[in-house]
Amino acid sequence: MTSVDAPDETRARAELAVWFGGASIACWLCCPFWILVCFISLPLALVGLVSAYVEFRASRLGRASRPRAVVGGVLSLLGATMAIAYMIFLATHPDLPVQG
């Protein structure tokens, strides 16, 4: 939970980890062109991981919610893992994107 005396800017910034993590997952579920999605999802997930780290550190001072930071970090980590796994899959099967 955000502190009552926390500025509005801190409260708005505290939700970014969940938004970026959710966006990195939503890209995989909404877009069928995975070769493009992996290059969009990975930067979103990395920004979400950084935001989750900042939010988690801010939660010690009472300026952000610790559960939100953990959820954002998990979503971002899952999105990054999916993007990296698909990039590894493409690297080991170079003929697959050309077949489309």
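Everything quoted here is computed from the prediction, not taken from an experiment.

Student: Sorry, what's going on with the overall build of the chain here?
Tutor: Counting secondary structure elements, the chain contains 5 helices and 0 strands. The helix and strand sequence of the chain, counted from the amino end, reads α-α-α-α-α. Burial status across the chain gives 31% buried among its 100 residues. By sequence separation, contacts in the chain at least 24 residues apart represent 65% of the contacts at least 6 residues apart.

Student: I'm lost on helix H2 (residues 16-30) in this one. Help?
Tutor: Between its first and last C-alpha, H2 extends 20 Å over 15 residues, near the 21 Å set by a 1.5 Å rise per residue. Within H2 the residues assigned to the buried category are Ala17, Gly21, Ser24, Ile25, Cys27 and Trp28.

Student: In this structure, what is going on with the nonpolar core? I would like to understand it.
Tutor: Nonpolar side chains tend toward joint burial in soluble globular proteins. Membership of the largest hydrophobic core is limited to 10 residues, which are Cys27, Trp28, Val37, Cys38, Leu42, Ala45, Ala80, Ala83, Tyr86 and Leu90. Contributions of two or more residues to this core are made by H2, helix H3 (34-59) and helix H4 (66-92). In this structure Ala83 touches Trp28, Cys38, Ser41 and Leu42, once residues within four positions along its chain are discounted.

Student: Help me understand a nonpolar patch on the surface, please; the structure alone is not making it clear to me.
Tutor: Nonpolar side chains collect at one region of the surface, where Phe33, Ile35, Leu36 and Phe39 lie side by side and expose about 430 Å² of accessible area between them. Mapped onto the secondary structure, Leu36 falls in helix H3. Its relative accessible area of 54% is what places Leu36 among the exposed residues.

Student: Honestly, the confidence of the model for the chain in this entry has me stumped. Any pointers?
Tutor: Detailed reading of the predicted model is not advised wherever pLDDT is low. Averaged over the chain, the pLDDT score is 84; the fraction of residues at 70 or greater is 82%. Averaged pLDDT values for the elements of the chain fall to 55 in helix H1 (residues 8-14) and rise to 93 in H4.

Student: How should the packing of H3 against H4 be read in this particular structure?
Tutor: A pair of packed helices is captured by two measures, namely the crossing angle of their axes and the spacing between those axes. Relative orientation of the contacting elements H3 and H4 amounts to 150°, with a least axis distance of 7 Å. Taken together, the axes of H3 and H4 are roughly antiparallel relative to one another. When the axes of H3 and H4 are compared, the crossing they make is left-handed. Of the residues belonging to the contact of H3 with H4, the class tally is 18 nonpolar, 7 polar and 3 charged.

Rules used throughout
- Note that residues are indexed from 1 along each chain, following the sequence as it is written.
- Since the coordinates come from a predicted model, pLDDT governs what is reported: local features require at least 70, and pairs of side-chain atoms require 80 or more to be given and counted, while whole-chain, interface and lining totals use all residues.
- Side-chain numbers here rest on the full set of heavy atoms in the structure, without hydrogens or water.
- Secondary structure follows DSSP: runs of H or I at least 4 residues long count as helices, runs of E at least 2 residues long count as strands, and numbering of each begins at the N terminus.
- Only protein chains enter the area calculation, which uses a 1.4 Å probe; residues under 20% of their type maximum are buried, those over 50% are exposed, and those in between are partly exposed.
- Two residues qualify as a contact provided that any one of their heavy atoms is within 4.5 Å of a heavy atom in the partner residue.
- Here, expected helix span is obtained from the residue count minus one, scaled by 1.5 Å.
- For this analysis, a nonpolar core means a set of buried residues of the types Ala, Val, Leu, Ile, Met, Phe, Trp, Tyr and Cys, connected via side-chain atoms within 4.5 Å.
- The patches described consist of residues with a relative accessible area above 30% and no salt bridge, like charges being joined within 9 Å and nonpolar side chains (Val, Leu, Ile, Met, Phe, Trp, Tyr) within 5 Å.
- Each accessible area is a Shrake-Rupley estimate made with a 1.4 Å probe; only the visible protein chains count as cover when residues are assessed.
- By definition here, a salt bridge exists when the distance from a side-chain nitrogen of Lys or Arg to a carboxyl oxygen of Asp or Glu is within 4 Å.
- pLDDT measures how confident the predictor is about each residue, on a scale from 0 to 100.
- In this description, a line fitted to the C-alpha atoms serves as the axis of each element, helices being fitted only across the stretch in contact, and the angle between N-to-C directions of two axes falls anywhere from 0 to 180 degrees.
- Our angle categories are set so that under 35 degrees counts as roughly parallel, over 145 as roughly antiparallel, 65 to 115 as roughly perpendicular, and the remainder as oblique.
- For any pair of crossing helices, the crossing counts as left-handed if the nearer helix is rotated counterclockwise from the farther one by less than a right angle, and right-handed if it is rotated clockwise.
- Gly is placed with the polar residues, together with every amino acid not listed as nonpolar (Ala, Val, Leu, Ile, Met, Phe, Trp, Tyr, Cys and Pro) or charged (Asp, Glu, Lys and Arg).

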